[in-house]
Amino acid sequence: MSDTKMNDEWKPKCPRCRGMNFVTILDKHMRNADKAVALVICSVEECQTVVGALPYDAVWDQ
Ligand SMILES: [Zn+2]
């Protein structure tokens, strides 16, 4: 893991608005998913571009 970067070296950006703040939301609209899914979205209210998805368990305790 020698190529692991320090946290402050990562600067993820929204591909649409270049925003750097993200939030996770519980997606209730995902079809064909047998488990709840958390979506990582841009926190800019007018943008809200989905940048990733995680299993519910990875974000919230059951
Ligand atoms: Zn954005």
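In case you missed it, the structure is sitting above this.
Only a predicted model underlies this, so the values are computations on that prediction, with no experimental measurement involved.

Q: Is there a simple way to think about the overall build of the protein chain in this case?
A: A count of helical and extended segments in the protein chain gives 1 helix and 3 strands. Walking the protein chain from its N terminus toward its C terminus, one meets helices and strands in the order β-β-β-α. Considering only C-alpha atoms, the protein chain reaches an extent of 35 × 35 × 20 Å along its principal axes. Out of the 62 residues in the protein chain, the part that is buried amounts to 3%.

Q: Explanation requested: the sheet that holds strand 3 (residues 50-55) in the structure shown.
A: The strands that make up a sheet pair up through hydrogen bonds in the backbone, lying either parallel or antiparallel. Here 3 strands make up an open sheet; going across it, the order is 1-2-3 and the pairing antiparallel. The sheet is open, and its two borders are formed by strand 1 (22-27) and strand 3, each paired with just one other strand. The mean inter-strand angle of the sheet, taken between neighbouring strand axes irrespective of direction, is 30°.

Q: Looking at this structure, I do not really get the pairing of strand 2 (residues 37-42). What am I missing?
A: On a regular strand, each side chain points to the face opposite its neighbour's, so the side chains alternate between the two faces of the sheet. Pairing analysis gives 6 bridges linking strand 1 to strand 2, with the strands arranged antiparallel. When the sheet's bridge partners are listed, L26 is paired in strand 2 with A38. Pairing between strand 2 and strand 3: 5 bridges, direction antiparallel. Pairing of V37 across the sheet is with P55, part of strand 3.

Calculation notes
Residues numbered from 1 in each chain as written. Predicted model: local features only at pLDDT ≥ 70, side-chain atom pairs only at ≥ 80, totals over all residues. Helix = DSSP H or I, 4+ residues; strand = E, 2+ residues; numbered from the N terminus. Buried ≥ 20, exposed ≤ 12 C-beta atoms within 10 Å, placed from the backbone. Pairing = 2+ DSSP bridges. Axes fitted to C-alpha atoms, helices over the stretch in contact; angles between N-to-C directions.

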